[in-house]
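A closer look at the structure
One letter stands for each residue in the lines below.
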Amino acid sequence: MYSEQPLNAFEMVVELGLAIDLKSDYKIDTFNPGANIVIVTAEEREGGLRRVMENNEDKAKAKEMSKMSRATATGGGSSYVDSCASGTI
């Protein structure tokens, strides 16, 4: 479960540029209780949020992606059309 999270994080940070990388440790052994666990501190989270909030270019990029995402779910958008075809709407 949640095995796609590292891939999602990579896509958001590297490919889409919509997020910042606080810590990336994709080699965590989640099935080993004694494994080292990476913990993001409150100070690191606060610093990351400040970087996001202060970067106007990232805000504009996120707003544009939000607009495109909404367009796919409205009438005529690709997700809307797929949902109608499958009978979920």
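Every chain's residues receive numbers from 1 upward, in the order its sequence appears when written. Where local features are concerned, this predicted model is filtered to residues with pLDDT of at least 70; where side-chain atom pairs are given and counted, the filter is 80 or more; whole-chain, interface and lining totals use all residues. Side-chain metrics rest on all non-hydrogen atoms present in the structure, leaving aside hydrogens and water.

Focus on the overall build of the protein chain
Within the protein chain, the regular secondary structure consists of four helices and zero strands. To qualify as a helix, a DSSP run of H or I must reach at least 4 residues; to qualify as a strand, a run of E must reach at least 2; elements of each kind are numbered from the N terminus. In the protein chain, the succession of α and β elements from N to C terminus is α-α-α-α. Long-range pairs, those at least 24 residues apart, make up 30% of the contacts in the protein chain between residues at least 6 apart in sequence. The protein chains shown are the only cover counted for residues, whose accessible areas, like all others here, come from Shrake-Rupley with a 1.4 Å probe. Carbon and sulfur atoms provide 57% of the accessible area of the protein chain, an area that totals close to 7,400 Å². Two residues form a contact once any of their heavy atoms are found within 4.5 Å.

Quick notes on the environment of leucine 22
You can see leucine 22 is positioned in the loop between helix 1 (5-15) and helix 2 (42-54). Throughout this description, buried means an accessible area under 20% of the type-specific maximum (1.4 Å probe, protein chains only), exposed means over 50%, and partly exposed covers the range between. Leucine 22 sits in the partly exposed class, given a relative accessible area of 35%. Separated by 19 residues in sequence, leucine 22 and threonine 41 have C-alpha atoms that sit 9.8 Å apart. Excluding anything up to four places from it in sequence, leucine 22 contacts Val40, Glu44, Arg45, Gly48 and Arg51.

Overview of the pattern of salt bridges
Note on definitions: salt bridges are taken to be side-chain nitrogens of Lys or Arg within 4 Å of carboxyl oxygens of Asp or Glu. Considering all chains together, one arrives at one salt bridge under this definition. With a shortest N-O distance of 2.9 Å, arginine 50 and glutamate 46 are connected by a salt bridge. Separated by four residues within a single helix, arginine 50 and glutamate 46 lie in helix 2, roughly one turn from each other. In this structure arginine 50 comes out as partly exposed when scored by relative accessible area, which is 47%. By relative accessible area, glutamate 46 is classed as partly exposed at 40%.

Thoughts on the environment of glutamate 57
Along the polypeptide, glutamate 57 turns up in helix 3 (residues 56-73). Spatially, the C-alpha atoms of glutamate 57 and leucine 18 are 10.0 Å apart, while their sequence positions differ by 39 residues.

Some remarks on the confidence of the model for the protein chain
Taken over all residues, the pLDDT of the protein chain has a mean of 77, while the share at 70 or more is 74%. No element of the protein chain has a lower mean pLDDT than helix 4 (residues 78-86), at 67, and none a higher one than helix 2, at 86. Confidence scores here are pLDDT values: one per residue, from the predictor, ranging 0 to 100.

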